[in-house]
Amino acid sequence: MFQLQSDLRSAIQIAATFCYINPNRYESPSISLLRTPNRLTPLHATAVERIAEKPPICTADELHYVSIHNSDWRLALWRYKPPPQAPPRNHPLLLLSGVGTNAIGYDLAPGSSFARHMSSQGFDTWILEFRGAGLSAKVASKEVKQPISLPSGQMDPTPKKKEDDVFSSKNPLNPNSDSSAESKVSSAEETKKMVESDQSQLLMTFTETFKHFSERLSNLIKEGSPEALQNSTLATQIRDLSQRLVDMIEEGQRSVSPPFTDLLDRFSSTIENLQTQIDLLGKYNWDFDHYLEEDVPAAMEYIRRQCKPKDDKLLAIGHSMGGILLYAILARNVCGGRDSKLAAIVTLGASLDYTTSKSSLKLLLPLADPAQALSVPAVPLGALLAAAYPLASHPPYVMSWLNRLITAQDMMQPELMEKFVMNNFCTVPAKLLLQLTTAFQEGGLRDRSGTFFYKDHINKIDTPVLAIAGDRDIICPPEAVYETIKLVPKHLAMYKVYGEPTGPHYAHYDLVGGRLAPEQLYPCIIDFLTIHDST
């Protein structure tokens, strides 16, 4: 039994240790930096399919799904096919959206659809919904994970006597029994042995349960960012709960059967609490680099297979984080000496470095402390905005400042604004926000290891870039957009700021769905893409 207690203690300590394992601890920073670009090797889709019957929310012509290699995620791709009368194009067009948003922002309504407008100009247009957004979904793995629980047959450790024992010759309640002291002692020893046996069996169950739990925790930590978890509140909670389990086992060694039953109940409750913590960590366990290294490459490969461009390249437009991803793809590939497979890109309100601007996203800076950030594994952005919207759109307008984050005055119809806020946003992992906050630190955005600075490689890219800013964009102000585009080789760079001193003005989302964007901004994008559409 003492050996079982020792094994259980080891299992618990291993589980707590997983919170501190750093797989890069055996590598020097220089080696890590050299290996970083290789992670962007294109991933092959393990399974792809086109959905025959789309859900009503999907207003695209087609809905496709692509599965990521070694992942449970199936990414949704909304496709808009060009009409027969549209001019022929050589490259398909990929649209990437901002943090915590889905495809609806690019296709808000028939008369306000960026995606539909681009397809009408001949571009075979695709919108990628990243993992956790929109119609993208996590499929159940083949291995069914049963809840951690104790076998029902072991819930009562008190030994049960057979009915025949009541009339046994050794039962002191039986008139015919032998009630000698020797018989009583023998019966007591038998009972003690049975109790110890059942308690031993329970401890074995404890050990196996916690070993199983430790394996699950280990896999989650290895998939994520050990550095971010190192000092997190979540890690502290896991260690505290683990210690509570150790204390319970030690207490159980000193207990008789009734207290041991109470111990079992407390153990089950603690395990359930611990499971909740880990399940939440696992569900929102991704960051910016997961999008960069897995989601976007899988989508690009799938689109190339479907459309078969002669030079095997795509055109791409990214709004906000989508534009940051496009910059990061170019930086990673040029550093690794690889072709980005992008013929040209357009960024809308995006930058790799926000340090010189007064961006409102500096509100995210408190998340730079991993302990503070990971005490909340995910931020329900969609639910928060939906709850706040009535306060921003109706008297006394106590949260009207939220509107300015999205659109300038008179640039969106109220009903479209409401649809955008109520349907376009989703839950965001804290780990994703945590990595994006590095764009506000010296050197700009970096990878999850903190050793690769994307901005440092933009001056070597060979892909044409059009960077567009809005004059009233307080999320990514013009000075932030310029901070990145100025690094692109001059013969490949174009920079435009939309908005006039006396109006109209362009805020963050107006670059995509503003009322005047189709006549003022879209033509510039189409002209740029047309120039670089040749093969």
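None of the values given here were measured: they were computed from a predicted structure.

This brings us to the overall build of the chain. The number of helices and strands found in the chain is 19 helices and 12 strands. Within the span of the chain, comprising 535 residues, buried residues form 51% of the whole. Accessible surface, the chain: about 25100 Å² in total, of which carbon and sulfur atoms supply 54%.

What follows covers unusual backbone geometry. The step from glycine 503 to proline 504 runs through a cis peptide bond, and the omega angle for that step is 0 degrees. Within the secondary structure layout, proline 504 lies in the loop between β12 (493–498) and α17 (510–513). The phi dihedral of asparagine 70 falls on the positive side, at around 60 degrees, and the residue is not glycine. Positive phi values are uncommon outside glycine, yet aspartate 410 reaches one of about 65 degrees. Counting through the fold element by element, aspartate 410 comes out in the loop between α13 (401–406) and α14 (414–423). For aspartate 410, a relative accessible area of 56% corresponds to the exposed category.

For the rest of this paragraph, the subject is the pairing of strand β7 (residues 314–319). Both faces of the sheet carry side chains from a regular strand, because those side chains alternate between them. In terms of burial, β7 is a largely internal element, six of the six residues being buried. Examined bridge by bridge, strand β4 (residues 93–96) and β7 share four bridges and lie parallel to one another. In the strand pairing of β7, leucine 93 is matched with leucine 315. Bridge count for β7 against strand β8 (residues 342–348) is six bridges, and the pairing is parallel. Within β8, the position partnered with leucine 315 by the bridge is alanine 344. Following the backbone out of β7, through helix α10 (residues 321–336) and into the adjacent parallel β8, one traces a crossover that is right-handed.

Here we take up the nonpolar core. Grouped together as the largest cluster of nonpolar side chains are 59 residues, with contacts concentrated most on Trp78 and Ile525. Ranked by residue count, the leading element in this core is helix α19 (residues 522–531), at six residues. If sequence neighbours within four positions are ignored, isoleucine 525 has contacts with Phe114, Met118, Ile317, Val346, Leu348, Leu466 and Ile468. The next biggest cluster of nonpolar side chains, apart from the first, holds 58 residues, and it includes Tyr284, Tyr327, Leu436 and Val465.

Here helix α9 (residues 288–307) crosses α10 at 70 degrees, and the two axes come no closer than 10 Å. As judged from the angle between their axes, α9 and α10 are roughly perpendicular. The residues of α10 that touch α9, namely those facing Phe288, Asp289, Tyr291, Leu292, Glu293 and Val296, are Met321, Ile324, Leu325, Ala328, Ile329 and Arg332. Considered class by class, the residues forming the contact of α9 with α10 number nine nonpolar, no polar and three charged.

What follows concerns α9. If you check α9, its first and last C-alpha atoms are 27 Å apart, about what 20 residues at 1.5 Å a residue would give, namely 28 Å. Of all the bends in α9, the largest measures some 30 degrees and sits at aspartate 295, one to four residues before the proline proline 297. Across the 20 residues that make up α9, a large majority, 17, are buried. The N-terminus of α9 is capped by aspartate 287, whose side-chain oxygen sits 3.2 Å from the backbone nitrogen of aspartate 289.

Residues Leu416, Met417, Phe420 and Val421 constitute the buried set of α14. Along the axis of α14, the buried residues cluster in a sector spanning 130 degrees; they form a single face. Looking at the buried positions of α14, the neighbouring elements they touch are α12 (381–393) and α13.

Across the chain, the average pLDDT comes to 76, with 61% of residues at 70 or higher. This model gives residues 142–177 a pLDDT under 50, and the stretch forms 48 contacts once residues within four places in sequence are excluded. In the model, residues 221–233 has pLDDT below 50 throughout and makes 29 contacts with residues more than four positions away in sequence or in other chains.

Bringing the packing of aromatic side chains into the picture now. Enumeration according to the criterion identifies 13 aromatic pairs in this entry. Look at tyrosine 106 and phenylalanine 114: their rings are 5.5 Å apart centre to centre, the planes differ by 50 degrees, and that puts the pair in the tilted class. As far as the burial class goes, tyrosine 106 and phenylalanine 114 line up, both buried. Its guanidinium or amino end placed over the ring of tyrosine 65, arginine 74 lies 4.3 Å from that ring's centre, counting from NZ or CZ.

Here we come to the pattern of salt bridges. Using the criterion set out here, one finds 17 salt bridges in the structure. Between aspartate 61 and arginine 116 there is a salt bridge; the shortest N-O distance is 2.9 Å. Remark: arginine 116 occurs in helix α3 (residues 114–120) and aspartate 61 occurs in the loop between β1 (48–51) and β2 (62–67); sequence separation between them is 55 residues. By relative accessible area, arginine 116 is classed as partly exposed at 29%. Taken together, the shared-partner salt bridges connect Asp287, Asp289, Glu293, Arg332 and Arg448 into one network.

So, about the side chain of serine 113. Summarising the element assignment, serine 113 is placed in the loop between β4 and α3. A distance of 2.7 Å separates a polar atom in the side chain of serine 113 from a polar atom in the side chain of aspartate 107. Apart from residues lying up to four places away in sequence, serine 113 is in contact with Tyr106, Asp107 and Leu108.

Here we come to the pairing of β2. Of all the six residues making up β2, six are buried; the element is thus mostly covered by neighbouring parts of the structure. The alternating pattern of β2 places Glu62, His64 and Val66 on one face and Leu63, Tyr65 and Ser67 on the opposite face, and all of these are buried. Taking the residues that link successive antiparallel strands as the turn, the β2-strand β3 (residues 73–80) hairpin has five residues, and the phi of asparagine 70 there is positive, at about 60 degrees.

The subject of this paragraph is the packing of α12 against α14. α14 packs onto α12 with a crossing angle of 150 degrees between their chain directions and a minimal axis gap of 8 Å. Between α12 and α14, the interaxial angle falls into the category roughly antiparallel. Contact with α12, carried on its side by Leu385, Ala386 and Tyr389, involves Pro414, Met417, Glu418, Val421 and Met422 of α14 and no other residues of that element.

The rules we used
- Residues numbered from 1 in each chain as written.
- Predicted model: local features only at pLDDT ≥ 70, side-chain atom pairs only at ≥ 80, totals over all residues.
- Heavy atoms only, no water.
- Helix = DSSP H or I, 4+ residues; strand = E, 2+ residues; numbered from the N terminus.
- Buried < 20%, exposed > 50% of the residue type's maximum accessible area, 1.4 Å probe, protein only.
- Areas by Shrake-Rupley, 256 points an atom, 1.4 Å probe, with all protein chains shown as cover.
- Pairing = 2+ DSSP bridges.
- Right-handed = clockwise from strand over helix to strand, strands pointing away.
- Core = buried A, V, L, I, M, F, W, Y, C linked by side-chain atoms within 4.5 Å.
- Contact = heavy atoms within 4.5 Å.
- Axes fitted to C-alpha atoms, helices over the stretch in contact; angles between N-to-C directions.
- Parallel < 35°, antiparallel > 145°, perpendicular 65-115°, else oblique.
- Nonpolar A, V, L, I, M, F, W, Y, C, P; charged D, E, K, R; others polar.
- Expected span 1.5 Å × (residues − 1).
- Bend = angle between axes of the 7 residues up to and from the residue.
- Polar contact = N/O pair within 3.5 Å; in protein donor to acceptor, adjacent residues only side chain to side chain.
- Arc of directions from axis to C-beta.
- pLDDT = per-residue confidence, 0-100.
- Phe/Tyr/Trp six-rings, centres within 6.5 Å; stacked < 30°, edge-to-face > 60°.
- Lys NZ or Arg CZ within 6 Å of the ring centre and 35° of its normal.
- Salt bridge = Lys/Arg side-chain N within 4 Å of Asp/Glu carboxyl O.

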